[in-house]
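Structural overview
As a plain string of letters, each chain reads:
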Amino acid sequence: MEYLDFELPIKELEEKYQQTLEIGSDSEVDVTATCKQIEKKLKATRKEIYGNLTPWQRVQMSRHPARPYTLDYIKAICGDTWLELHGDRGVRDDKAMIGGLGKIGDQSFMFVGQQKGFNTKTRQYRNFGMANPEGYRKALRLMKSAEKFGVPVVCLIDTPGAYPGLEAEERGQGEAIARNILEMTRLKVPIIVMIIGEGASGGALGIGVGDRVIMLENTWYSVISPESCSSILWRSWEFKEQAADALKLTATDMKKMKLVDEILKEPVGGAHTNRPDTFKAVSACITRHYEELKTLESSKLVEQRMDKYANMGVYKD
């Protein structure tokens, strides 16, 4: 188990609890009362820490090395029904953007999302979850296929941003993202978007237009990362915490500004502390929103989606 800097008090108590159990086992001394005291303190410490997370700490939680990624969710939710599809039919298969068909119960969905790696080799293979233009074109190809066959789309967002390299710009990064936003706005099947980790900039928006947009509790969604914002405003990454506060990037902020539709609670300590419950909650959330959307005619669905985004940022005195 890896711990973030603000989780160290929890780590100390958990280690103390294990040491107490070992002492009781080795010496045959009754340590039940001591263990109960530590458990009580551990519960209170968890409640205090996770109940008062700062925006920057939420950002750290979204990047936790043990946090489940897109393929973890899809494989847990869809099981053996998952069929990954590859390629943009133009350049290559972008490993940072994955997509394919899978079932939740008896209902088929087209899943699209960014995939990060879990070690050095896989992080390089997945380009750290930063998609190239061909990744966004692959995503659009799959979504258009879903539209053709009347299959609803589920987008899982977890990216530090679209790949900013020269070659990506040469192949039309900005155009690919803009094209996706346009086409997703008028796609004639339900689109459910879930932010499961980082939701940064155009990299997130490229698959982020939907009838329902849901954020997990410890995720963030913003035009820029706190570090990049800090480097622009203060010429240093040292002010990333102030930048995170100013950006209003947490799920609570997004819901308050009506930029997302729902906040999905995570287990205490984050999604990685209880993966089965997190997967179950995400699956149930997708099904619930699809049940609400499936009865709408395609023209009404598109009209509501366009109105939803057209009304964002509107201010009435």
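Before reading further, recall that the structure is shown in the block above.
Below: a short report on this structure. (Residues numbered from 1 in each chain as written. Predicted model: local features only at pLDDT ≥ 70, side-chain atom pairs only at ≥ 80, totals over all residues. Heavy atoms only, no water.)

1. Section: the overall build of the protein
Helix and strand content of the protein: 14 helices and eight strands. At 21 Å, the protein has a C-alpha radius of gyration in line with the 20 Å of a compact globule built from 317 residues. The principal-axis extent of the C-alpha atoms belonging to the protein is close to 70 × 50 × 50 Å. Counting across all 317 residues of the protein, residues that qualify as buried make up 50%. Counting contacts in the protein only where the partners sit at least 6 residues apart, residues at least 24 apart contribute 72% of the total. For the protein, the exposed area adds up to about 16,200 Å²; of that, 52% sits on carbon and sulfur atoms. Seen as two clouds, the 45 positive and the 45 negative side-chain charges of the protein have centres 4 Å apart. (Helix = DSSP H or I, 4+ residues; strand = E, 2+ residues; numbered from the N terminus. Rg over C-alpha atoms; globule rule 2.2 N^0.38 Å. Buried < 20%, exposed > 50% of the residue type's maximum accessible area, 1.4 Å probe, protein only. Contact = heavy atoms within 4.5 Å. Areas by Shrake-Rupley, 256 points an atom, 1.4 Å probe, with all protein chains shown as cover. Lys, Arg positive; Asp, Glu negative; His and termini not counted. Charge placed at Lys NZ, Arg CZ, Asp CG, Glu CD.)

2. With respect to the environment of Ala204
Along the chain, Ala204 turns up in helix α9 (residues 201-205). For Ala204, a relative accessible area of 0% corresponds to the buried category. Taking the C-alpha atoms as reference, Ala204 lies 22 Å from Asn119; in sequence the two are 85 residues apart. Apart from the residues within four sequence positions on either side, Ala204 is in contact with Gln114, Ile157, Thr159, Gly199 and Tyr221.

3. Thoughts on the pairing of strand β2 (residues 97-104)
Burial analysis of β2 places six of its eight residues in the buried class, the great majority of the element. As defined by bridge partners, strand β1 (residues 83-85) adjoins β2 across three bridges and the pair is classed as antiparallel. Its bridge partner lying in β2, Leu83 is registered against Leu101. When β2 meets strand β3 (residues 107-114), the two strands line up antiparallel, connected through eight bridges. Bridged to Gly99 within β3 is Val112. (Pairing = 2+ DSSP bridges.)

4. Here's the deal with the state of the cysteines
A complete count under the given rule lists zero disulfides for this structure. With no disulfide of its own, Cys155 has Cys78 as its nearest cysteine by sulfur position, at a separation of 14 Å. For Cys155, a relative accessible area of 0% puts it in the buried group. (Disulfide = S-S within 2.5 Å.)

5. Brief notes about the nonpolar core
Ranked by internal contacts, the top residues of the largest apolar core, which has 32 residues, are Val112, Tyr136, Met143, Val153, Cys155 and Ile207. Among the elements that make up this core, the one with the highest residue count is helix α6 (residues 133-148) (five residues). Within the second largest apolar cluster, 26 residues are counted, among which are Tyr73, Trp82, Phe279 and Leu293. (Core = buried A, V, L, I, M, F, W, Y, C linked by side-chain atoms within 4.5 Å.)

6. As for unusual backbone geometry
Within the chain, Ser201 stands out as a residue other than glycine whose phi angle is a positive 55 degrees. Mapped onto the elements of the fold, Ser201 is located in helix α9. Look at Ser201 and you get partly exposed, because its relative accessible area is 33%. Look at Lys258: it is not a glycine, yet its phi comes out positive at around 60 degrees. Residue placement: Lys258 occurs in the loop between α12 (251-256) and β8 (262-264). Lys258 sits in the exposed class, given a relative accessible area of 70%.

7. Concerning helix α4 (residues 70-78)
What α4 keeps buried is the set Thr70, Leu71, Tyr73, Ile74, Ile77 and Cys78. Down the axis of α4, the sector holding all buried residues measures 160 degrees, keeping them to one side. If you follow the buried residues of α4, they end up packed against β2, β3, β4 (153-159), β5 (191-200), β6 (212-216) and α13 (275-293). Among the residues trailing α4, Gly79 stands out with phi positive, at a value near 60 degrees. (Arc of directions from axis to C-beta.)

8. Concerning a nonpolar patch on the surface
Together, Ile232, Leu233 and Trp234 make up a nonpolar patch on the protein surface, roughly 320 Å² of accessible area in all. Topologically, Leu233 is positioned in helix α10 (residues 226-234). (Patch = residues over 30% accessible without salt bridge, like charges linked within 9 Å, V, L, I, M, F, W, Y side chains within 5 Å. Salt bridge = Lys/Arg side-chain N within 4 Å of Asp/Glu carboxyl O.)

9. Points about the packing of aromatic side chains
The full count for this structure, using the stated rule, is four aromatic pairs. Plain terms: the ring middles of Phe109 and Phe111 are 6.1 Å apart, the flat faces sit at 55 degrees to each other, and that makes the pair tilted. The structure contains a cluster of three or more aromatic residues connected by ring pairs, namely Phe109, Phe111 and Tyr290. (Phe/Tyr/Trp six-rings, centres within 6.5 Å; stacked < 30°, edge-to-face > 60°.)

Limitation: the analysis is restricted to geometry and does not speak to function.
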